[in-house]
Amino acid sequence: MEYFKWTQWIFLKLYNSWFNPETNKAEPIETLKFPAEIVASGLRPDLSVPGAGTTFDSARRAFVDSKRLAYVSEAPVNWCPELGTVLANEEVIDGKSEVGGFPVIRKPMRQWMLRITAYAEKLLADLDLIDWSDSLKEMQRNWIGRSEGAEVDFQIDGWKEKIRVFTTRPDTLFGATYMVLAPEHALVDKITTGEQCEAVKCYREHAARKSDLERTELAKEKSGVFTGAYAINPVNGGKIPIWIADYVLASYGTGAIMAVPAHDTRDYEFAGKFNLPVIQVVQPADAKADWQGFTGDGVAVNSTGPEISLTGLPTAEAKKMITAWLEANSLGKRTINYKLRDWLFSRQRYWGEPFPVVWKKGPDGQSYHEALPESSLPVLPPVLEDYKPTADGQPPLARAKDWLGEIPGSTRETNTMPQWAGSCWYYLRYLDVKNARSFVSKDAESYWMGANGCKVNSIGTQPVISNLQLATKSMTPGVDLYVGGTEHAVLHLLYARFWHKVLFDLGCVSTPEPFYKLVNQGLILGEDGQKMSKSRGNVVNPDDVLVEYGADAFRLYEMFMGPLQETKPWNTKGVEGVYRFLGRVWRLFVDEKSETAFEQAETTAVSSNRGELLELILLDGGITDLAATPAQFKALHACIKKVTDDLDGMRFNTAISAMMVFINEAMTWQNKPLPVMKTFLQLLAPFAPHLAEELWARLHATFGQIAPSLAYTPWPKFDPALLVESEIEIPVQVNGKFRDVIKVPVDANNATIEAAAKAAEKAQPFLASKTIKKVIIVPKKMVNFIVG
RNA sequence: GCCGGUGUGGCGAAAUGGCAGACGCACAGGACUUAAAAUCCUGGGACUGUAAAAAGUCGUGCGGGUUCGAGUCCCGCCACCGGCACCA
């Protein structure tokens, strides 16, 4: 409930903020200035008491609402009938719901949106500040989909309206042979001529009926209809036909394009189908290459008009020149577009945070929304008997009539927030869970998020995290390490970054990014190497493994399987392997006879005194307080070094193999020195905590010592001096081929090494009766004889 | 189509440019046992060779290159996995 409260509190922050393009950050809505025309038309200039509500005239309200970071939209949304709710773009994959794979259709509905698009540039630029995998960053970049280009206005022949298009290739303007509007484009009704009216109407209806799924699946074949109208190409005055086609999306760019079939694959296909002219305006650098359908950079040709000529210019320069000309003549301007859309934030579900919002009716009869004050938080969902939507399709909360009208003069919002809302900031609440006054205290936030010394980024600057900061964990801003799967690449990880950035702009948190270092753990596949799924019947249930082998073995196996980031198949036999290893560790410490005694006692005893029977198990007599031999120390310290280094690099698999090597050797020891055995348990503790703690406690008890939990003992340090070898093995090569190994003192000089290498038994046959042309000696590494 | 990742024994995998296959699984042989399980020991890339050895040749997806020396670096391919995709 407390958590609901603060999630709603953050929502209110979003609701009461706007993105100021001048300061390039979110600001409280109070800093928003009304444009002159609204001030002039306004009858009630007083905006200072928003709580009073009635002082908001509709023009002002509409203006503020158009700027809020949380706003209401009437645009078509992704409706999933099966799930009974709308979904965000990120939750729709190939026209199906991400959860369950049910069909999704477009449906106009009144929905809450979050203005994540205002943060597109920051979300993109700040990827440079964080240590995530390239593939994950690339997925986000893809999703944000920044593209640079220009907007160009085309006059419609016979009308005063213009069609504005977005293009990344303004340099191909001379090659535009027709225009295409999205079927939903606002101008279609207006410009369609009488004889085309029927065909256009029919096509639009047809397009509207198509689901997202059909739109993507039927992408192969182009379709479209001529409107009967013509546009004027601003560079040469040419009259070109205006078509509508569903390959142009209403929701991207301006919903209209200029078609340059010669240099765009889609336009080329369309022109081919409808016999539209194709004019070359780019010459590929490779003279033999076909210019038809060539979409790369080249040199502009056939691009000369009465006022401007691009002919002869390379693509990059042609783009610059035409854009400058368009801007100078007020025909267009340089623009950046993003694929990212605003985040559809409301759901028609019961389980979810209710919006802290009510609806009211103004004096003009128009209904409008108003945020509840902070003091009314949390807004809890009403108790319901039935969690299904109402008969007339309202969200479940609409069933609670009393709750709806609880606040006099208003009706509560019945939508709820998606599950992503809470996951957007839980890492902040973890820092200060019980705080009743704030979502997180300043102190806790700055301590844990470690913002000290982190300079704040602003767009366009170099990444400001120095190598020193990268190397020093205490300096890394945000969550130090976040381990998660890629399935959240454009959902949780994008949403949380967005919320965090808003909170950052509003001064609520001190870092620009929430998660500094992120590691994607690889997917664990089923034993058949396929993705685990119920339908394939290859799901491994962890509970079963835990019952059979215990938590330590399960945990250890998952770490031992291979590199953390890699996708790898499950193998239950592998669990048995690490289980055997843990068994060897146990037997290294425990006296076998006493354990046999315990087992026998256990089979005959009643279950209640099993705890006492455990006392029968004694430590192995080989464990003594004797000093360790140099070889024992060496084995231990090699293990400490390897495990320490590997933990740092999250190479758990090789850390575990180092412990196996140690155990394999220790099994042969007659005397097991206590300090060595203790230190080993410390190394084991992070991997198999239960077993390690158990043995740790027994070890201390047996020697009459007090045992603090392993979790609180300092990590062991290795002594490099103990790892120094007096003699080392060096490979001997002849003509680069390995032939033998020699043993020489560590500090042997080159002459000694060469002599020893020449004498190497197995290298002899390859050296005899040959002349040695060259000897390559890399000290402590190898010897290579080049012979002829 | 575009982007990212991965290719090494029968399998999961190791290897700062310097003895490829550590460690584990599976397998085979042996010890213990009346027997089995458990445990312990031994073996193991392929090919040639040998009674068995010894010894040699080949071998890290494919083709080139750099280097005394390449699984590792460079260039060009191929295959598989993941993501995006009528985004102008």
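From a predicted model like this one, the values you see are computed outputs, not experimental measurements.

Chemist: Teacher, can you tell me more about the overall build of chain A here?
Modeler: Looking only at helices and strands, chain A features 27 helices and 32 strands. For chain A, the C-alpha radius of gyration of 36 Å lies well beyond 28 Å, the compact-globule estimate for 788 residues. A principal-axis box enclosing the C-alpha atoms of chain A has dimensions of 100 × 85 × 50 Å. A total of 788 residues make up chain A; the buried ones form 47% of that total. A fraction of 65% describes how many contacts in chain A between residues 6 or more apart in sequence connect residues 24 or more apart. In chain A, the 86 positive side-chain charges and the 95 negative ones have mean positions that sit 3 Å from each other.

Chemist: Would you mind showing me how to read the side chain of Asn538 here?
Modeler: Here Asn538 lies in the loop between β25 (524–525) and α17 (542–560). A distance of 2.9 Å separates the side chain of Asn538 from the side chain of Asp528, its partner in a polar contact. A polar side-chain atom of Asn538 sits 3.2 Å from the main-chain carbonyl oxygen of Lys531. Asn538 has contacts with Gly526, Asp528, Gln530, Lys531, Met532 and Ser533, leaving out every residue within four places of it along the chain.

Chemist: So what exactly am I meant to see when it comes to the packing of α17 against helix α18 (residues 572–589) here?
Modeler: If you want to describe how two helices pack, look at the angle between their axes and the distance between the axes. Between α17 and α18, whose axes approach to 8 Å, the crossing angle comes to 90 degrees. Judged by the angle between their axes, α17 and α18 are roughly perpendicular. Counted together, Val545, Tyr549, Asp552, Ala553, Leu556, Tyr557 and Phe560 of α17 and Thr572, Gly574, Val575, Glu576, Val578, Tyr579, Phe581 and Leu582 of α18 form the full contact between these two elements. The residue makeup of the contact of α17 with α18, split by class, is 11 nonpolar, 2 polar and 2 charged.

Chemist: What is the right way to look at the packing of helix α5 (residues 134–144) against helix α16 (residues 492–505) in this model?
Modeler: Contact geometry of α5 with α16 gives a least axis separation of 11 Å together with a crossing angle of 75 degrees. On the basis of their axis angle, the class for α5 and α16 is roughly perpendicular. Packed against α5, whose contacting residues are Leu136, Gln140, Trp143 and Ile144, the element α16 presents Leu493, Leu494 and Arg497 at the interface.

Chemist: What is the right way to look at the sheet that holds strand β8 (residues 105–108) in this model?
Modeler: Strand pairing in a sheet takes place through backbone hydrogen bonds and is either antiparallel or parallel in direction. Read across the sheet, 3 strands follow the order β5-β4-β8 without closing on themselves; strand pairing throughout is antiparallel. Only two strands of the sheet have a single partner each, and these edge strands are β5 (85–87) and β8. Between one strand axis and the next, the sheet turns through 55 degrees on average, direction left out of account.

Chemist: What should I look at first to understand the confidence of the model for chain A in this one?
Modeler: Interpreting fine coordinate detail is not advised for predicted regions of low pLDDT. Per-residue confidence for chain A gives a mean pLDDT of 87; residues scoring 70 or more make up 92%. Low pLDDT (under 50) marks residues 45–55, which in the prediction has 11 contacts with non-local residues, meaning those over four places away or in another chain. Ignoring residues within four places in sequence, the model shows residues 453–475, a span with pLDDT below 50, making 31 contacts including any to other chains. Taken together, the chains of this predicted complex give a pTM of 0.85 and an interface ipTM of 0.94.

Chemist: Please explain the sheet that holds strand β9 (residues 111–114) as it appears in this structure.
Modeler: Spatially, β3-β9-β19 is the arrangement adopted by the 3 strands of the open sheet, whose pairing is antiparallel. Strand pairing shows two members of the sheet lacking a second neighbour, β3 (70–73) and β19 (343–344), which therefore form its edges. Sheet topology note: the β9/β19 ladder contains 2 bridges and is antiparallel. Its bridge partner lying in β19, Met113 is registered against Leu344. Along the sheet, helix α1 (residues 2–15) contacts β3 and β9; its crossing angle with β9, the most-contacted strand, is approximately 80 degrees.

Chemist: Would you mind showing me how to read the environment of Glu754 here?
Modeler: Relative to the helices and strands, Glu754 is located in helix α26 (residues 750–758). Look at Glu754 and you get partly exposed, because its relative accessible area is 22%. Distance in space between the C-alpha atoms of Glu754 and Val775 is 8.0 Å, their sequence separation being 21 residues. In contact with Glu754, not counting residues within four places along its chain, are Val775, Ile777 and Phe785.

Chemist: Just checking my understanding: could you explain the protein's contact with RNA strand B for this structure?
Modeler: Around RNA strand B, a shell composed of 53 residues is seen, among which Ser135, Thr168, Lys222, Arg266 and Lys781 lie nearest. A share of 61% is what sugar and phosphate atoms reach among the atoms of RNA strand B within 4 Å of the protein. Between RNA strand B and the protein, one listed contact pairs a base nitrogen with a backbone N or O atom of Leu249 at 3.0 Å. Here a phosphate oxygen of RNA strand B sits 3.3 Å away from a polar atom, N or O, in the side chain of Arg739. Breaking the surface near RNA strand B down by element, the ones donating at least two residues are α5, β11 (162–167), α18, α22 (652–666), β29 (727–734), β30 (737–745), β31 (772–778) and β32 (782–787). A breakdown of the residues in the surface near RNA strand B according to their chemical character gives 23 nonpolar, 13 polar and 17 charged.

Chemist: Teacher, can you tell me more about the nonpolar core here?
Modeler: By size, the foremost hydrophobic cluster in this structure holds 77 residues, and its most contacted members are Phe11, Trp343, Phe439 and Trp499. Residue contributions to this core peak at 9 residues, all from α16. Those residues in contact with Phe11 that sit more than four places away from it in its chain are Ala70, Trp112, Leu114, Phe345, Phe355, Pro356, Val357 and Met417. Grouped together as the second largest cluster of nonpolar side chains are 60 residues, Ala628, Ala655, Met659 and Ala685 included.

Chemist: Just checking my understanding: could you explain unusual backbone geometry for this structure?
Modeler: For residues other than glycine, phi is negative in most cases, and the peptide bonds are mostly trans. In this structure, the amide linkage connecting Leu377 to the following residue, Pro378, adopts the cis form with an omega of -5 degrees. Here Pro378 lies in the loop between β21 (367–371) and α11 (401–404).

Chemist: What is the right way to look at the packing of aromatic side chains in this model?
Modeler: Each aromatic ring pair is specified by the distance between its two centres and by the angle formed by the two planes. A full pass over the atoms with the stated rule returns 40 aromatic pairs. Ring centres 5.5 Å apart and planes at 20 degrees place the aromatic pair Trp112 and Phe355 in the stacked group. Linking Trp112 in strand β9 with Phe355 in the loop between β19 and β20 (357–361), this pair joins segments that are 243 residues apart in sequence. By relative accessible area, Phe355 is classed as buried at 1%. Ring plane angle 45 degrees and centroid distance 5.5 Å describe the contact between Trp351 and Tyr387, whose orientation is recorded as tilted. Of this pair, Trp351 sits in the loop between β19 and β20 while Tyr387 sits in the loop between β21 and α11, placing them 36 residues apart in sequence. On the accessibility criterion, Trp351 (65% relative accessible area) is exposed. You can call Tyr387 partly exposed: its relative accessible area is 40%. Members of the aromatic cluster, each reached through a chain of ring pairs, are Phe11, Tyr15, Phe19, Trp112, Tyr119, Trp343, Phe345, Phe355, Trp420, Tyr495, Phe498 and Trp499.

Reading the values: rules and limits
- Residues numbered from 1 in each chain as written.
- Chains lettered and ligands numbered in written order.
- Predicted model: local features only at pLDDT ≥ 70, side-chain atom pairs only at ≥ 80, totals over all residues.
- Heavy atoms only, no water.
- Helix = DSSP H or I, 4+ residues; strand = E, 2+ residues; numbered from the N terminus.
- Rg over C-alpha atoms; globule rule 2.2 N^0.38 Å.
- Buried < 20%, exposed > 50% of the residue type's maximum accessible area, 1.4 Å probe, protein only.
- Contact = heavy atoms within 4.5 Å.
- Lys, Arg positive; Asp, Glu negative; His and termini not counted.
- Charge placed at Lys NZ, Arg CZ, Asp CG, Glu CD.
- Polar contact = N/O pair within 3.5 Å; in protein donor to acceptor, adjacent residues only side chain to side chain.
- Axes fitted to C-alpha atoms, helices over the stretch in contact; angles between N-to-C directions.
- Parallel < 35°, antiparallel > 145°, perpendicular 65-115°, else oblique.
- Nonpolar A, V, L, I, M, F, W, Y, C, P; charged D, E, K, R; others polar.
- Pairing = 2+ DSSP bridges.
- pLDDT = per-residue confidence, 0-100.
- Near = heavy atom within 4 Å.
- Core = buried A, V, L, I, M, F, W, Y, C linked by side-chain atoms within 4.5 Å.
- Phe/Tyr/Trp six-rings, centres within 6.5 Å; stacked < 30°, edge-to-face > 60°.

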